[in-house]
Amino acid sequence: MLSRASRIFAHTSTRDLVFRGMTTARDCFKRSSFLHGDFEISEDETVQKAVEKLTAFDVGCLVTINSQGKMSGVVSERDMIQKVGLLDKNPSEVKVKDIFTADPVTVAPKTSVEECMEVMLENNIRHLPIVEDGAEFDVLGLISITDCVDIVVNHQEETIHILSDFVIGKSGHFVVD
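Described below are features of the structure shown in this document. For clarity, every value in this text was computed on a predicted model and none was experimentally measured. Here the residue numbering is sequential within each chain, running from 1 through the sequence in written order. Given that this is a predicted model, residues contribute local features only at a pLDDT of at least 70 and side-chain atom pairs are listed and counted only at 80 or more, while totals for whole chains, interfaces and linings are drawn from all residues. Values shown for side chains rest on all heavy atoms present in the structure; no hydrogens or waters enter the calculation.

**A closer look at the packing of helix H5 (residues 113–123) against helix H6 (residues 145–167)**
As a packed pair, H5 and H6 sit with axes 10 Å apart at the nearest point and diverge in direction by 140°. The pairing of H5 with H6 is recorded here as oblique in orientation. You can see that H5 and H6 cross each other, and the crossing is left-handed. Contact residues: H5 offers Val113, Cys116, Met117 and Met120, while H6 offers Ile145, Cys148, Val149, Ile151 and Val152. Lys, Arg, Asp and Glu make up the charged group, whereas Ala, Val, Leu, Ile, Met, Phe, Trp, Tyr, Cys and Pro make up the nonpolar group; the residues left over, Gly among them, are polar. A class-by-class count of the residues in the contact of H5 with H6 yields 9 nonpolar, no polar and no charged. To obtain an axis, a line is fitted to C-alpha atoms, over the contacting stretch when the element is a helix, and the angle between two such axes runs from 0 to 180 degrees between their N-to-C directions. A run of DSSP states H or I qualifies as a helix once it reaches four residues; a run of E qualifies as a strand once it reaches two. Both are numbered from the N-terminal end. Oblique is the label for every angle not falling under 35 degrees (roughly parallel), over 145 degrees (roughly antiparallel), or within 65 to 115 degrees (roughly perpendicular). We call a crossing left-handed when the near helix sits turned anticlockwise from the far one by less than a right angle, and right-handed when that turn is clockwise. Residue contacts follow a heavy-atom distance rule, with two residues in contact if any of their heavy atoms lie within 4.5 Å.

**Some points on the sheet that holds strand S1 (residues 40–42)**
Criterion used throughout: strands pair if DSSP finds at least two bridges between them. Strand order in the open sheet made by the 4 strands is S1-S2-S3-S4, with mixed pairing throughout. In the strand order of this sheet, the two ends are held by S1 and strand S4 (101–102), each with one partner. The sheet contact formed by strand S3 (residues 71–76) and S4 spans 2 bridges and is antiparallel. Residue Val74 lies in a different strand from S4, and its bridge partner there is Thr101.

**Points about H6**
Residues lying three or four places apart along an α-helix face the same way, a consequence of the helix completing one turn every 3.6 residues. With 23 residues, H6 ought to run about 33 Å at 1.5 Å a step, and its terminal C-alpha atoms sit 33 Å apart, in line with that. A 1.4 Å probe rolled over the protein chains alone gives each residue an accessible area, and that area as a share of the maximum for its type sets the label: buried under 20%, exposed over 50%, partly exposed in between. Buried within H6 are the following residues: Asp147, Cys148, Ile151, Val152 and Asp165. Directly after H6, the chain includes Gly169, whose backbone phi takes a positive value near 95°. Every helix has an expected span of 1.5 Å times one less than the residues it contains.

**Observations concerning the nonpolar core**
Counting 40 residues, the largest nonpolar core has Val63, Val75, Cys116, Ile143 and Cys148 as the members making the most contacts within it. In terms of residue count, the dominant contributor to this core is H5 (5 residues). With residues up to four places along the chain from it excluded, the contact list for Cys148 reads Cys28, Val113, Cys116, Met117, Met120 and Ile143. Each nonpolar core is a collection of buried residues, namely Ala, Val, Leu, Ile, Met, Phe, Trp, Tyr and Cys, held together in the definition by side-chain atoms within 4.5 Å.

**Describing the layout of surface pockets**
Computed over the protein atoms alone on a 1 Å grid, cavities are sets of points where a 1.4 Å probe fits but cannot get out and pockets are open sets with protein on both sides within 12 Å along at least five of seven lines; a residue lines them when it has an atom within 4 Å of a point. Grid points are joined across faces, edges and corners, and a volume is the space filled by probe spheres set on the points. The space that makes up the largest pocket amounts to roughly 280 Å³. Elements represented by at least two residues in the lining of the largest pocket include exactly S3, helix H4 (77–85) and strand S5 (127–131). Considered class by class, the residues forming the lining of the largest pocket number 6 nonpolar, 4 polar and 4 charged.

Listed below in structure tokens is the structure:
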């Protein structure tokens, strides 16, 4: 089942992600591995269920949702290893709400990818929930540092291609807004 955010962004074409100015957290989510999966889990679920979901969608973090359907935090592989695995606890008996990170760092959809990367590096985190401006508990998406690096590398490859074509005399790479 796709998350609400995945359904919202799924209709948007990724061809619009060619770098014509600032690329945003929203653009990054459109290309993210989180787009086509359910990246949310109830904080009342067991850690075992969280592990199963991480494995099923091949992701490293989930947004935790409280009983009101709002974001309460995030739970990562690191949380599970440090707070369950290393302490020799049974993941089928531990609840997500007992190990998740409350009040996670978030970004707005219009935050640039570069700013997202800076936020992750400054806070030593690998995932960022995207929340609507002024609605800190309404999650629109989730991105990882890998998603951000991928989009930057793709931009650099496109730039190299355009400049190489320019140097050898090819034309047609003018962007008309």
